[in-house]
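Survey of secondary and tertiary structure
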Amino acid sequence: MAPAVGLIGWFVYGFVLWTLYISFTNSKILPKYELWGVGQYVKLWGSRKWLIAVDNLLIFTALFLIFCVVIGIILAIFLDQKIRAEGVLRTIYLYPMALSFIVTGTAWKWILNPTLGIQKMFIDWGFENFTFDWLVNREMAIYTIVIAGVWQSAGFVMALFLAGLRSVEDEIVKAAKIDGANLFTVYWKILLPMMRPVFFTSFVILVHISIKSYDLIVALTQGGPGISTTMPALYMTQTAFHKSQVGLSAASAMMMFMAVAAVIIPYLYSELRRENAR
Amino acid sequence: MKKMLIALIAFAFTSTSSFAGPKIEVLHWWTSGGEAAALKVLKDDFAANGGEWLDMPVTGGGGDAANVALKARIVAGDPPSASQIKGPTIQEYDQEGVVAPYNIDPIAQSEGWDGLLDPMIAAVHKCQNNSGPYCAAPVNIHRIDWMWANKAVFDSNGISVPTSWDELNAAAEKLQAAGIIPFAHGGQAWQDATVFEAVAMGIGGNNYYKNCYVDLKETCLRSETTVKVFDQMRKLQGFTDEGSPGRDWNVATGMVIEGKAGFQIMGDWAKGEFTAAGKVPGVDYYCAATPSNNGYLYNVDSFIFYKTSDPDKQEGQKLLAKLMMGKNFQKVFNLYKGSIPARLDVPMDEFDKCAKTSNSDIKTAGASGGLVPSFAHGMAQGNTMKAALQDVITEHFNSDMSSVDAANALADSVLDNM
């Protein structure tokens, strides 16, 4: 126990504190240790690229969350109907989760590329005017990242909800049916409201995936076209290793850290409070 | 058995620790094909001179991974003896105090590097703000402002190599009308910037380029000329195909080789793709400078030599610097890499037509003030400013931003990062 605590203490919390310290220095190509104040944060929030990254993060997080949860719930409800070959279907839906985001990103990059993928296929089939160029359109490229992200993660949300639905006692459903509730009402009024902890868990997991999302963007768009799909994590690595601005990069890392903390800490707090209440 | 093992281990240790002679540890990312073969020449030379070479190759990301590894080792206080660092970044590392004392300067003096290199390129390799002792050695000169064109495509459409940007636009329109993609381009930030700097030097002229992208003068960046440069970029964007965003440069080169596209604007590493496909310059493809007034955008790969207290390694650094600037390595390495020797006195007989053009053009450009450093490849500016320029250029190229807005955004981005 003790060595593990020591290692985690140093390599996680130690480096968080180190990054915090560096974000208050004027470190350029290598870390420096003289304090410089909040200049890096001022610079960060004055940077167009960072603001674009934050905008993209908000768009991505909102859509990623909504679509993953909605699609996940629909799939879970369908699978919950005691259908044939449920095991096979469940595996198919969950399988994308086994891939790394790099693979997902690369595959979708080919599928969405107008000269290779869907658009070309439709044109070859004779739909001459078919266009689907979101990947190379700077206004729409961020939505292609949502598509790939949802494809990857919706199955996972499905698994969470399926487990949740299965844990509900049969008697409750039967009682509701005797009272004359149809299937829709059973799910909408009774089962889904009981899934509150599952919603909460999905929310926490999906939001922190989206704040940290880096590999998907690198594989799919590399932040392009132009800088239109830059996200905070990509901004952070580019700033540290391509722009030689270690201090500024540390400041952006701290902003991401605070965003994750804002999601995780209330979650941990509510979990701990529930445990104490027992 | 046990005794033998102990003896063997003891022998192994003594045999390494008793080694006294030049020793070098080199961090690099030359691991593929021609580069690895060229590096082997250097390693063999080094061994033939009694040195011991500790190789530290770090592949991935075109040097990104190597840079991360390098920084980690410097922060840990254990830098390698030499690594690939170029342009103004050499000065940045010097300012961090990890280069001095300048172990290779005596070699540079005794070998007379000042006389072998163009003065501008020599200055890049001198520490203490480009005027002190030598602390890095150049291995090659890449030219950036190249246009690679498919000769068959040009010939069958009655196009000759354009000598002005207007001619180039006319040629591209002709190709477009004939249903051929005129401009093979990979829409990645660094490629957009590569094209931009060739356009800037061509349309703005050499002095404009120096004022704007070397000296970063605000009035120059906001000027009418910058607007014209962005106008030309917009035209070029119209000549790309819609699969362009995100494409790798070598895929774009492949489009020219196969005749799917007319031309590409890219540094001379693109030649390697033509050579690998068995194409001959002047017969299958043209290598011509993009239109400019005797301009020459250079990009020099260099090795920097870090501070070390180990006398064996200091000897190793001296030997490596000497061999790196030697005629043999400069010739062999550049034959493989497609660039030209940094030393201007290497006989060019064995090089191809493109390299010969590059070698004679650099001398003309050097004499007429047209030799300018590439900012897209980190020769004119450090990483921070390079990215500041690149971000705006790529944003303009990939959106409908007006040229005036782009020129102002360029100036603002530079001022923000000053």
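Thresholds applied
Residues numbered from 1 in each chain as written. Chains lettered and ligands numbered in written order. Predicted model: local features only at pLDDT ≥ 70, side-chain atom pairs only at ≥ 80, totals over all residues. Helix = DSSP H or I, 4+ residues; strand = E, 2+ residues; numbered from the N terminus. Buried ≥ 20, exposed ≤ 12 C-beta atoms within 10 Å, placed from the backbone. Contact = placed C-beta atoms within 7 Å. Core = buried A, V, L, I, M, F, W, Y, C linked by C-beta atoms within 7 Å. Pairing = 2+ DSSP bridges. Domains from an automatic or database assignment. Nonpolar A, V, L, I, M, F, W, Y, C, P; charged D, E, K, R; others polar. Expected span 1.5 Å × (residues − 1). Arc of directions from axis to C-beta. Axes fitted to C-alpha atoms, helices over the stretch in contact; angles between N-to-C directions. Parallel < 35°, antiparallel > 145°, perpendicular 65-115°, else oblique. Left-handed = near helix turned anticlockwise from the far one by under 90°.

Now for the overall build of chain A. Tallying secondary structure elements over chain A gives 13 helices and zero strands in all. Its helices and strands in sequence order give chain A the pattern α-α-α-α-α-α-α-α-α-α-α-α-α, from N to C terminus. Counting only C-alpha atoms and orienting by the principal axes, one finds that chain A spans roughly 70 × 65 × 35 Å. Here chain A, with 278 residues, has 35% of them falling under the buried criterion. A separation threshold of at least 6 residues defines the contact pool for chain A, and within that pool the share at least 24 residues apart is 68%.

Let's shift gears to the nonpolar core. In this structure, Cys135, Trp148, Ile304 and Met324 of chain B are the most contacted members of the largest nonpolar core, which totals 125 residues. Discounting residues that sit within four places of it in the chain, Met324 of chain B has contacts with Leu42, Ala137, Val139, Phe303 and Phe329 of chain B.

Here we come to the sheet that holds strand E12 (residues 371–373) of chain B. All names here are of chain B. Spatially, E5-E10-E12 is the arrangement adopted by the three strands of the open sheet, whose pairing is mixed. The two strands at the open ends of the sheet, each matched to only one other strand, are strand E5 (142–143) and E12. Pairing analysis gives three bridges linking strand E10 (residues 296–299) to E12, with the strands arranged parallel. Paired with Leu297 across the strands is Val372, a residue of E12.

Turning our attention to the domain arrangement of chain B. All names here are of chain B. Along its sequence, chain B is organised into domain 1 (22–142 + 299–367) and domain 2 (143–298 + 370–416). Distance from the C-alpha centre of domain 1 to the C-alpha centre of domain 2: 28 Å. The interface is formed by 25 residues belonging to domain 1 together with 24 residues belonging to domain 2. Secondary-structure elements contributing two or more residues to the side of domain 1 that touches domain 2 are helix H4 (89–95), helix H7 (119–124) and helix H19 (353–368). It is H19 that contributes the most residues to the side of domain 1 that touches domain 2, nine residues altogether. Among the residues making up the side of domain 1 that touches domain 2, the classes are represented as eight nonpolar, 11 polar and six charged.

This part is about helix H20 (residues 383–397) of chain B. In an α-helix, one full turn covers 3.6 residues, which means residues spaced three or four apart are oriented alike. Its 15 residues place the ends of H20 of chain B 21 Å apart at the C-alpha level, agreeing with the 21 Å of an ideal helix rising 1.5 Å per residue. The buried fraction of H20 of chain B amounts to 14 of the 15 residues, a majority that puts the element mostly inside the structure.

Looking now at the pairing of strand E6 (residues 146–150) of chain B. Residue and element names in this part refer to chain B. The buried count for E6 comes to five of five residues, which makes it a mostly enclosed element. The alternating pattern of E6 places Trp146, Trp148 and Asn150 on one face and Met147 and Ala149 on the opposite face, and all of these are buried. The sheet contact formed by E6 and strand E9 (residues 285–289) spans five bridges and is antiparallel. Each bridged residue has a counterpart across the sheet, and for Trp148 the counterpart in E9 is Cys287. Sheet analysis places E6 next to strand E8 (residues 261–265), joined by three bridges and oriented antiparallel. Paired with Trp148 across the strands is Gln264, a residue of E8.

A word on the interface of chain A and chain B. Between chain A and chain B, the contact holds 24 residues from the first and 27 residues from the second. Each residue belonging to the side of chain A that touches chain B can be placed in one class, and the counts come to nine nonpolar, 11 polar and four charged.

As a further point, take helix H3 (residues 64–75) of chain B. The end-to-end C-alpha separation of H3 of chain B is 17 Å, in line with the 16 Å expected for 12 residues at 1.5 Å each. Every buried residue belonging to H3 of chain B is among Ala66, Asn67, Leu70 and Ile74 of chain B, and all of these are buried. All buried residues of H3 of chain B lie within an arc of 100° about the axis, which places them on one face of the element. Those residues of H3 of chain B that are exposed and angled more than 90 degrees off the buried face are Ala72 and Val75 of chain B. Its buried side turned inward, H3 of chain B meets helix H12 (232–242) of chain A together with strand E1 (23–28) and strand E3 (82–84) of chain B. Backbone geometry just after H3 of chain B places Gly77 of chain B at a positive phi near 80°.

All names here are of chain B. The alternating pattern of E10 places Tyr296 and Tyr298 and Leu297 and Asn299 on opposite faces, both of which are buried. Sheet topology note: the E5/E10 ladder contains two bridges and is antiparallel. By the bridge assignment for E10, His142 is matched with Asn299.

Before going further, it helps to examine the sheet that holds strand E11 (residues 302–305) of chain B. Residue and element names in this part refer to chain B. As summarised here, the arrangement of the five strands in space is E2-E1-E3-E11-E4, forming an open sheet in which the pairing is mixed. Edge positions in the sheet fall to strand E2 (52–57) and strand E4 (136–138), since each has one partner strand and no second. On average, each strand axis in the sheet is tilted by 20° relative to the strand beside it, whichever way the strands run.

What follows covers the environment of Tyr187 of chain A. All names here are of chain A. By the element assignment, Tyr187 lies in helix H9 (residues 183–194). Exposure remark for Tyr187: the 19 C-beta atoms within 10 Å place this residue in the partly exposed category. Placed 30 residues apart in sequence, Tyr187 and Ile217 show a C-alpha to C-alpha distance of 36 Å. Not counting residues within four places of it along the chain, the set of residues in contact with Tyr187 comprises Ile77 and Leu192.

So, about the packing of helix H3 (residues 48–79) of chain A against helix H7 (residues 141–166) of chain A. Residue and element names in this part refer to chain A. For the pair H3 and H7, the least separation of the axes is 6 Å and the interaxial angle reads 40°. When the axis of H3 is compared with that of H7, the two are oblique. As for how H3 packs across H7, the hand of that crossing is right-handed. Classifying every residue of the contact of H3 with H7 gives 22 nonpolar, four polar and no charged.

The next subject is unusual backbone geometry. Residue Pro101 of chain B is bonded to the preceding Ala100 of chain B through a cis peptide linkage, with omega at 0°. Following the sequence through the fold, Pro101 of chain B ends up in the loop between H4 and helix H5 (105–111). Phi is positive for Ala85 of chain A, close to 55°, though the residue is something other than glycine. Looking at the element boundaries, Ala85 of chain A is found in the loop between H3 and helix H4 (86–94). Assessed through the 9 C-beta atoms surrounding it within 10 Å, Ala85 of chain A is described here as exposed. The backbone phi angle of Asn294 of chain B is positive, close to 55°, even though this residue is not glycine. Position of Asn294 of chain B among the secondary structure elements: in the loop between E9 and E10. Taking the number of C-beta atoms within 10 Å as the measure of exposure, Asn294 of chain B has 15 and is therefore partly exposed.

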